[in-house]
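Listed below are the residues making up each chain.
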Amino acid sequence: MNEDIYTQWSFYIQPIIILFGTVGSLLNQILFHRRKSLRTASCSLYFRSLSINDLLVLYIIVLSQWLNDQFHFDLTIKYLWYCKIQTYTTYCLYAISPYFLVLGCFDRLCRTSRHIQLRHIATVNMARQIRQIIIILIFVIHGHILFQFNIIHSMCIPINIFYFQFFAYFLLMFHSLLPPILMSIFCGCTLLLLYRRRQKQQHRYGLNIHSSHKRLRYRDYQLIKVLFLYVTTNILCTLPFAIVFLQYIYKYNSSPLLAIFVKFTVLLGNLNYCSSFYIYTLGTPLYRRELLHLIKTFR
């Protein structure tokens, strides 16, 4: 395997990622705005914000990677300020989408809680405030990148090997492991609460559960299913990059093959930012029906 094989793969895959990701993100915005029950759900705010961030990833990061791979158009090795800002922005944007999903899982947990204080968190106004706080925290946590990256040997890389190793572990924990762990905990607790609530309702009302309760429960289960599918996709797409990148750090300058594998895992990771819409529509009948209704409306 050599650099030419990766370049050929990148030539075809990156534009496809951008195209499908753009269409999916725009349709996500439309679908979550059309139906009032989805528009007024605080969890939908995180989904819409995730779609906007995915668009930023596609056109700020993926497009830049494609231009660099195909035309060697890389400003990060020419201007120090661009090296720092681009690297900083890249990893911040990569982190925002997974943590929006964490917020979505936490929102569903609060939504199903018996405590009024927790249910108050699952409101649109509160979700807007939490979203802003998380974005600020992510940019603050990644602030060390601005001070540790520099142009060395015509590459925008960390200034020393010790920070390089720290950065690899940071990506593994903060980007690849922590979001799926938090998502799994929140989703698991939410499913447990929903199961207990259903048992109590059946015990109290028997089979005559009010239709409004059925609709709300159906919507909650659909949102949980979307979150579960996206958690699985997130793990499959991001974890390989963190593991291969960690191995690459300890064999830096001694294994050119690992450097190519790192680039391939970046391609895999980019798939995570074009797949959200297709996970929703293919994974849940609620969004499939919304999509079909939208197509009929356009026609």
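Source: prediction; values computed, not measured. (Residues numbered from 1 in each chain as written. Predicted model: local features only at pLDDT ≥ 70, side-chain atom pairs only at ≥ 80, totals over all residues. Heavy atoms only, no water.)

## Things to note about the overall build of the chain
And step 1. A count of helices and strands for the chain gives twelve helices and two strands.
And step 2. When the helices and strands of the chain are listed from N to C terminus, the series reads α-α-α-α-α-α-α-β-β-α-α-α-α-α.
And step 3. Counting over 299 residues, the chain shows a buried share of 48%. (Helix = DSSP H or I, 4+ residues; strand = E, 2+ residues; numbered from the N terminus. Buried < 20%, exposed > 50% of the residue type's maximum accessible area, 1.4 Å probe, protein only.)

## Here's the deal with the state of the cysteines
And step 1. Tallied over the full model, the rule gives one disulfide.
And step 2. One disulfide in the model links C83 with C156; its S-S distance is 1.9 Å. Classification of the bridge connecting C83 and C156 rests on its S-S torsion, roughly 80°, and on that basis the disulfide is right-handed. Taken together, the residues C83 in helix α4 (residues 80-111) and C156 in strand β2 (residues 155-158) connect sequence positions 73 residues apart.
And step 3. Looking at C43, it has no disulfide partner, and the nearest cysteine sulfur is the one in C105, 7.6 Å off. (Disulfide = S-S within 2.5 Å.)

## What to know about the packing of helix α1 (residues 3-34) against helix α12 (residues 285-298)
And step 1. Two elements in contact, α1 and α12, have axes separated by 10 Å at closest approach and are oriented at 95°. Taken together, the axes of α1 and α12 are roughly perpendicular relative to one another. Residues L27, I30, L31, F32 and R34 of α1 touch α12, and the partners they reach there are Y287, E290, L291, H293, L294 and T297. (Axes fitted to C-alpha atoms, helices over the stretch in contact; angles between N-to-C directions. Parallel < 35°, antiparallel > 145°, perpendicular 65-115°, else oblique. Contact = heavy atoms within 4.5 Å.)

## Quick word on the side chain of T90
And step 1. Of note, T90 is situated in helix α4.
And step 2. T90 sits in the buried class, given a relative accessible area of 11%.
And step 3. At 2.7 Å, the side chain of T90 forms a polar contact with the backbone oxygen of Q86. (Polar contact = N/O pair within 3.5 Å; in protein donor to acceptor, adjacent residues only side chain to side chain.)

## Topic: the pairing of β2
And step 1. By the bridge criterion, four bridges tie strand β1 (residues 149-152) to β2 in an arrangement that is antiparallel. Within the sheet, the bridge partner assigned to I151 lies in β2 and is C156.
And step 2. In textbook terms, the turn of a hairpin is the stretch between consecutive antiparallel strands, and for β1 and β2 this stretch comprises two residues, one of which, H153, has a positive phi near 50°. (Pairing = 2+ DSSP bridges.)

## Brief notes about the environment of S25
And step 1. You can see S25 is positioned in helix α1.
And step 2. Along the chain, S25 and S49 lie 24 residues apart, while their C-alpha atoms are 9.9 Å from each other.
And step 3. Setting aside chain neighbours within four positions, we find S25 in contact with S51, D54 and L55.
And step 4. From its side chain, S25 meets the backbone oxygen of S51 in a polar contact 3.5 Å long.

## Considering the packing of aromatic side chains
And step 1. All told, the structure shown has 25 aromatic pairs when counted by the stated rule.
And step 2. Seen from their ring centres, Y163 and F167 are 5.9 Å apart, and the 25° between their planes marks the pair as stacked. Highlighted residues: Y163 and F167, both in helix α8 (residues 161-205), separated by four residues, approximately one helical turn. Pair check on accessibility: Y163 and F167 agree, each one buried. (Phe/Tyr/Trp six-rings, centres within 6.5 Å; stacked < 30°, edge-to-face > 60°.)

## Things to note about the UniProt feature "transmembrane region" (unreviewed entry) in the chain
And step 1. Under the present numbering, the feature "transmembrane region" (unreviewed entry) in UniProt falls on residues 12-33, 45-68, 88-109, 130-147, 167-195, 227-250 and 256-280.
And step 2. In residues 12-33, helix accounts for 100% and strand for 0%; the two terminal C-alpha atoms are 32 Å from one another.
And step 3. In residues 167-195, helix accounts for 100% and strand for 0%; the two terminal C-alpha atoms are 41 Å from one another. (UniProt positions renumbered as here; feature names shortened; annotations may be inferred.)

## Brief notes about the side chain of T112
And step 1. Here T112 shows up in the loop between α4 and α5 (116-121).
And step 2. Residue classification places T112 among the buried positions, given a relative accessible area of 5%.
And step 3. Not counting the four nearest positions on each side in its chain, T112 is found in contact with T190, L193, L194 and R197.

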